[in-house]
Amino acid sequence: MKLLDKIVEDLSKLDNIETILLSGSQTGDFRDNNSDRDIYIYSNDVVSIKKREEIAKKYSDRYEINNNYWENGDEWICRENGLVIDIMYRSFNWIDTMLDNVVNKHYASVGYTTCFWNNIINSTILYDKNSMGKSLIKKYNLPYPEELKNNIIKKNYPLLKNNISSYYVQIAKAIIRNDYVSINHRIAAFLASYFDIIFAVNGYLH
């Protein structure tokens, strides 16, 4: 049995686990030997931190449990082959609300509008006790809404250059001040909105 299969088998035995998905670069076009294994565990109940740590110890000497920097999760480096396992714990209620806001209600963000939608649609099911993961993917496997496209452009385009406090203006001022931290910060934000627009215009998730 492959290492990832063993890990998934152990994770599936945790209390209250419904679905385990593999996503990130491993299910996209840019995977290579350096790619992390991004594993998403779905449940509507609390998953024992102690049991999560027990599984990590089984495979790793260096691990972090219950990180909450972006989402609740664990990260380990496998002692067998140096593979990085990045696990995120999500509730079905939370992801369903996030996706409904974008796909059905057409709410746009400042950058990254379709990231969770893309994450779900391009996931590979590793474990699905009651087919809730399969149902979620099917529910949101929908065409790109025209209203969402328009809302993304409307929200992000003025921030590029038109507004008084647009990224373009902020970057120009930062250059004059030789404020390299601000230059990098605002260019990153500019690109987030720019790519949100480009992908929306072409009807692609990102």
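Structure shown above.
Computed from a prediction, not measured in an experiment: that's the story for all the values here.

K.L.:
Help me understand helix α7 (residues 167-177) in this model?
P.N.:
Note on helix geometry: an α-helix contains 3.6 residues per turn, so any two residues three or four positions apart are oriented the same way. The complete set of buried residues in α7 reads Tyr167, Ile171 and Ala174. Summarising the axial view, the buried residues of α7 lie within an arc of 65 degrees, below the 170-degree limit, and thus occupy one face. Along its buried surface, α7 packs onto α6 (146-162) and α8 (180-201). In the segment just after α7, Asn178 is the residue with positive phi, at about 55 degrees.

K.L.:
Can you walk me through the packing of aromatic side chains in this structure?
P.N.:
What describes a pair of aromatic rings is the distance from one ring centre to the other and the angle between the planes of the rings. Applying the stated criterion across every chain yields a total of eight aromatic pairs. With a centroid separation of 5.9 Å and 5 degrees between ring planes, the pair formed by Tyr59 and Trp76 is classed as stacked. Placement of the pair is Tyr59 in helix α2 (residues 49-59) and Trp76 in strand β4 (residues 73-78), with a sequence separation of 17 residues. Both residues of the pair, Tyr59 and Trp76, belong to the buried class.

K.L.:
Looking at this structure, I do not really get the packing of α7 against α8. What am I missing?
P.N.:
Two quantities define a packed helix pair, namely the angle between the axes and the distance from one axis to the other. α8 packs onto α7 with a crossing angle of 160 degrees between their chain directions and a minimal axis gap of 9 Å. By the angle between their directions, the pair α7 and α8 is classed as roughly antiparallel. As α7 runs across α8, the sense of the crossing is left-handed. Where α7 approaches α8, its residues Tyr167, Gln170, Ile171, Ala174, Ile175 and Arg177 are matched on the opposing element by Ser182, Ile183, Arg186, Ile187, Ala189, Phe190 and Ser193. Along the lines of polarity and charge, the residues of the contact of α7 with α8 split into eight nonpolar, three polar and two charged.

Procedures and definitions
Residues numbered from 1 in each chain as written. Predicted model: local features only at pLDDT ≥ 70, side-chain atom pairs only at ≥ 80, totals over all residues. Heavy atoms only, no water. Buried < 20%, exposed > 50% of the residue type's maximum accessible area, 1.4 Å probe, protein only. Helix = DSSP H or I, 4+ residues; strand = E, 2+ residues; numbered from the N terminus. Arc of directions from axis to C-beta. Contact = heavy atoms within 4.5 Å. Phe/Tyr/Trp six-rings, centres within 6.5 Å; stacked < 30°, edge-to-face > 60°. Axes fitted to C-alpha atoms, helices over the stretch in contact; angles between N-to-C directions. Parallel < 35°, antiparallel > 145°, perpendicular 65-115°, else oblique. Left-handed = near helix turned anticlockwise from the far one by under 90°. Nonpolar A, V, L, I, M, F, W, Y, C, P; charged D, E, K, R; others polar.

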